[in-house]
Amino acid sequence: MSSELTGRPEVPEPVAEDLADIERRQVEGELNDAVSPAMIMLLSHALVMAPHLMPGTVHRIFGSGAEDPDFQRDFTEQVGRVLALLRA
């Protein structure tokens with residue numbers, strides 16, 4: 001993942017295994033199958049990385065930085081709500 005930012009190659013992540021796990025969880029009814037496993041994986045990565053990669057945007061939108069405890073608490077709560085929507 002960091003190779004996209006640095007241009008340096010990295011050891012490949014086990015993407016196929018992760019996608020298969022998401023697909024299995026969809027088949028078992030744990031995750032909603034209305035969203036593709038690839039999109040769920042991309043959204044998960046984006047949710048985690050965005051506050052750290054776009055601190056200026058976070059501050060403009062939320063009025064505080066990613067390091068602010070209030071932001072971290074609210075962000076964690078909101079991410080939980082988003083993930084709950086992906087559950088079946």
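These numbers were taken from a predicted model, which means no experiment stands behind them.

Engineer: Let's hear about the packing of aromatic side chains: which residues, and what values?
Structural biologist: For the structure shown, the criterion picks out two aromatic pairs. Taking 5.1 Å as the distance between ring centres and 70° as the angle between the ring planes, the aromatic pair formed by F62 and F71 counts as edge-to-face. A relative accessible area of 51% places F62 in the exposed class. Ring centres of F71 and F75 lie 5.3 Å apart, and the angle between their planes is 25°; this geometry places the pair in the stacked category. Placement of the pair is F71 and F75 together in helix α5 (residues 69–86), with a separation of four residues, close to one helical turn.

Engineer: Outline the pattern of salt bridges, listing residues and values.
Structural biologist: Counting across every chain of the model gives seven salt bridges. The shortest N-O distance in the salt bridge between R73 and D70 comes to 3.0 Å. Here the residue R73 and the residue D70 both occupy positions in helix α5, the gap between them amounting to three residues, near one helical turn. One salt bridge connects R81 with E77, and the closest N-O pair in it is separated by 2.6 Å. Pair noted here: R81 and E77 are both in helix α5, with a separation of four residues, about one helical turn. Among the ionic contacts, a cluster of salt bridges with common partners joins D21, R24, R25, E28 and E30.

The rules behind these values
Residues numbered from 1 in each chain as written. Predicted model: local features only at pLDDT ≥ 70, side-chain atom pairs only at ≥ 80, totals over all residues. Heavy atoms only, no water. Phe/Tyr/Trp six-rings, centres within 6.5 Å; stacked < 30°, edge-to-face > 60°. Buried < 20%, exposed > 50% of the residue type's maximum accessible area, 1.4 Å probe, protein only. Helix = DSSP H or I, 4+ residues; strand = E, 2+ residues; numbered from the N terminus. Salt bridge = Lys/Arg side-chain N within 4 Å of Asp/Glu carboxyl O.

Any link to function would need more than the numbers given here.
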